[in-house]
Amino acid sequence: MKKTYKGSCHCGAVRYEADLDLSQGTFKCNCSICTKTRTWLATVPPNSFRFLAGSADLTEYQFNTKNIHHLFCKHCGVRSFGWGEGPEGKFYAIHVTCLDDVEIAELINSPINYVDGRHNNWQSSLIEIQYL
Ligand SMILES: [Zn+2]
């Protein structure tokens with residue numbers, strides 16, 4: 001079932017709401033930035049994301065194809081969401097551990113799809129996942 005969650009960075013300058021169904025799955029990835037930041041994501045379409053506060057507090061980082069906008073708070077450094085353009089249009093990537101009102105049980109029970117972003121092989125599931 002879709003629920004509306006409030007998300008934020010650590011200091012609270014950046015705040016948003018997102019509608020998502022964690023039981024439909026989340027993902028972790030082995031690409032260079034996801035590995036270094038131990039990123040755990042769920043994606044939502046633009047109509048399921050509402051930015052509430054902190055546009056002046058966000059800094060953007062991009063690399064490689066510059067397709068994904070990696071955003072982080074310039075005060076606390078936390079990456080609470082990002083966005084990008086995929087085959088089906090614009091999407092928001094929610095860092096699920098930045099959802100303030102999520103139940104730990106919802107995170108524990110969310111199926112995790114481990115993707116091989118390191119080799120740009122997004123359809124392939126990873127076998128070695130212990131380090132992510
Ligand atoms: Zn912050």
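What counts and how
Residues numbered from 1 in each chain as written. Predicted model: local features only at pLDDT ≥ 70, side-chain atom pairs only at ≥ 80, totals over all residues. Heavy atoms only, no water. Helix = DSSP H or I, 4+ residues; strand = E, 2+ residues; numbered from the N terminus. Contact = heavy atoms within 4.5 Å. Phe/Tyr/Trp six-rings, centres within 6.5 Å; stacked < 30°, edge-to-face > 60°. Buried < 20%, exposed > 50% of the residue type's maximum accessible area, 1.4 Å probe, protein only. Lys NZ or Arg CZ within 6 Å of the ring centre and 35° of its normal. Core = buried A, V, L, I, M, F, W, Y, C linked by side-chain atoms within 4.5 Å. Donors = N, O, S within 2.8 Å, 3.2 Å for Na, K, Ca; no water. Tetrahedral: all angles 85-135°; square planar, octahedral: opposite > 155°, others 65-115°.

Caption draft 1: A look at the side chain of Thr26. Here Thr26 is to be found in strand β3 (residues 26-29). With residues up to four places along the chain from it excluded, the contact list for Thr26 reads Trp40, Leu41, Ala42, Val96, Ser110, Pro111, Ile112 and Asn113.

Caption draft 2: Main features of the packing of aromatic side chains. By the definition in use, this model includes 7 aromatic pairs. Measuring from ring centre to ring centre gives 5.8 Å for Phe51 and Phe81, while their planes differ by 55°; the resulting arrangement is tilted. Here the residue Phe51 occupies a position in strand β5 (residues 49-53), and Phe81 occupies one in strand β8 (residues 81-86), the gap between them amounting to 30 residues. For Phe81, a relative accessible area of 4% gives the class buried. Here the aromatic rings of Phe81 and Tyr92 are separated by 6.3 Å at their centres, their planes lie at 40°, and the arrangement is tilted. Placement of the pair is Phe81 in strand β8 and Tyr92 in strand β9 (residues 89-95), with a sequence separation of 11 residues. By the burial criterion, Phe81 is buried, and Tyr92 matches it. An aromatic cluster of at least three residues, connected via ring pairs, comprises Tyr16, Phe49, Phe51, Phe81 and Tyr92. Over the aromatic face of Trp40 sits the side chain of Lys28, whose NZ or CZ is 4.7 Å from the ring centroid. For Lys90, the ring lying beneath its charged end belongs to Trp83, and the centroid distance is 4.3 Å.

Caption draft 3: Structural detail: the nonpolar core. If you look at the biggest cluster of nonpolar residues, it comprises 22 residues, and the most contacted ones within it are Tyr16, Leu20, Phe81, Ile94 and Leu99. Secondary structure elements with two or more residues in this core: β2 (15-20), β4 (41-44), β7 (68-73) and β9. Element by element, the count of residues in this core is highest for β2, at 3 residues. Apart from residues lying up to four places away in sequence, Leu99 is in contact with Tyr5, Lys6, Gly7, Tyr16, Leu20 and Ile94. Grouped together as the second largest cluster of nonpolar side chains are 5 residues, Cys31, Ile33, Cys34 and Val115 included.

Caption draft 4: Looking closely at the coordination of the zinc ion. Around the zinc ion, the protein contributes the donor atoms Cys9 (SG), Cys11 (SG), Cys73 (SG) and Cys76 (SG), which lie 2.3 to 2.4 Å from the metal centre. The coordination sphere of the zinc ion comprises 4 donor atoms, whose angles at the metal cover 105 to 120°; the geometry is tetrahedral. Given a relative accessible area of 44%, Cys11 falls into the partly exposed group.

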